[in-house]
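# Fold and contact review
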Amino acid sequence: MSTFKFELFDNYTIDIFAFENVTNTNEIIDLLNQKEQNNEQNNEEEEKEEDLKICLIDSSFIVDILQIQIAANKAIFSQKHNKLHSNSIIKEFIFCFSCSRNFKDGLRRFSIQSTIQNFYLIFFNSNFEQIMKFKQFIKGKEIINLNENQYFDVNLVIKNFKLSNFETLNNQTIKMALINRIATTGI
């Protein structure tokens, strides 16, 4: 099992996995949407421990998992300080990841589509049993080494993150440009 745990705020953690050649992305999206609607209908102030908070990000957008860590850090910070742009930590994460100042635009461009077969799976404050149960639902191959993303798409990143020519000299400058944008957008 390849997992990264990041201790963020008050022992808040995220677990990151990557999958390739997934054949049931549409079913996964439907399941996550159903869980989110159930959470919204409960409309409780406090989060329940059993509420599963999961996000999918297309592997094409990931140069380095540090992007995920920084976006999660910003989303959790917003939640802890009651400054969410949405009603969900997952939507806030996607917004922070998108580097957009427009919430709807960020969600539109970076929410996963049913045609995506390769993605990163991020669990927010989940326990081992929840993670293993959900991972069993995925019909695809888990990628063991998360630091080597063979699905990273330079052209898609340049287009969606609106990078300049100077920022796209090589993967290292792209990585630094994205990390800086994610960290400083909205400040």
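In this text, all values refer to a predicted model and were calculated from it rather than measured experimentally.

This brings us to the side chain of Arg-109. Position of Arg-109 relative to the elements: it lies in helix α4 (residues 103-110). By relative accessible area, which is 15% here, Arg-109 ends up buried. Setting aside residues up to four positions removed in sequence, Arg-109 forms contacts with Phe-61, Ser-98, Ser-100, Asn-160 and Phe-161.

Ranked by size, the top nonpolar core spans 39 residues in total, and within it Phe-93, Phe-97, Tyr-120, Ile-122, Phe-124 and Phe-161 carry the most contacts. Sequence-distant contacts of Tyr-120, defined by excluding residues within four places in its chain, comprise Ile-16, Phe-17, Ala-18, Cys-55, Leu-56, Ile-57, Ser-59, Ile-62, Ile-65, Ile-68, Leu-146 and Asn-149. Within the second largest apolar cluster, 17 residues are counted, among which are Val-22, Ile-29, Ile-54 and Phe-123.

Once that is clear, we can look at the packing of aromatic side chains. Following the criterion strictly, the structure yields eleven aromatic pairs and no others. Relative to Phe-110, the ring of Phe-97 lies with its centre 5.7 Å away and its plane at 80°, an arrangement referred to as edge-to-face. Placement of Phe-97 in helix α3 (residues 89-98) and of Phe-110 in helix α4 is noted, with a sequence separation of 13 residues between them. Comparing Phe-97 with Phe-110 shows no difference in burial state: the two are buried. Taking 5.8 Å as the distance between ring centres and 70° as the angle between the ring planes, the aromatic pair formed by Phe-97 and Phe-161 counts as edge-to-face. In this pair, Phe-97 is assigned in helix α3 and Phe-161 in helix α6 (residues 154-161), connecting sequence segments 64 residues apart. Note on accessibility: Phe-97 and Phe-161 belong to one class, buried. One aromatic cluster is present, formed by Phe-61, Phe-93, Phe-97, Phe-110, Phe-124 and Phe-161 through successive ring pairs.

For the structure shown, the criterion picks out zero disulfides. Free cysteine: Cys-96, not disulfide-bonded; nearest cysteine sulfur from Cys-99 at 9.2 Å.

Moving on: the sheet that holds strand β4 (residues 141-143). If you trace the four strands from one edge of the open sheet to the other, you get β2-β3-β1-β4, paired in antiparallel fashion. The open sheet terminates on both sides in strands that have one partner only, identified here as β2 (53-58) and β4. On average, adjacent strands in this sheet sit at an angle of 35° to one another, irrespective of strand direction. By the bridge criterion, six bridges tie β2 to strand β3 (residues 119-124) in an arrangement that is antiparallel. Across the sheet, the residue bridging to Ile-54 is Phe-123, located in β3.

Take the packing of helix α2 (residues 66-80) against α3 next. Relative orientation and spacing of two packed helices are given, respectively, by the angle between their axes and the distance between those axes. With their axes 8 Å apart at the nearest point, α2 and α3 run at an angle of 125° to one another. What the angle tells us is that α2 and α3 run oblique. In terms of crossing hand, the pair formed by α2 and α3 is right-handed. Taking contact as the criterion, the partners of Gln-67, Ile-68, Ala-71, Ala-72, Lys-74, Ala-75, Ile-76, Ser-78 and Gln-79 in α2 are, on α3, Ile-89, Glu-92, Phe-93, Cys-96 and Phe-97.

Calculation rules
Residues numbered from 1 in each chain as written. Predicted model: local features only at pLDDT ≥ 70, side-chain atom pairs only at ≥ 80, totals over all residues. Heavy atoms only, no water. Helix = DSSP H or I, 4+ residues; strand = E, 2+ residues; numbered from the N terminus. Buried < 20%, exposed > 50% of the residue type's maximum accessible area, 1.4 Å probe, protein only. Contact = heavy atoms within 4.5 Å. Core = buried A, V, L, I, M, F, W, Y, C linked by side-chain atoms within 4.5 Å. Phe/Tyr/Trp six-rings, centres within 6.5 Å; stacked < 30°, edge-to-face > 60°. Disulfide = S-S within 2.5 Å. Pairing = 2+ DSSP bridges. Axes fitted to C-alpha atoms, helices over the stretch in contact; angles between N-to-C directions. Parallel < 35°, antiparallel > 145°, perpendicular 65-115°, else oblique. Left-handed = near helix turned anticlockwise from the far one by under 90°.

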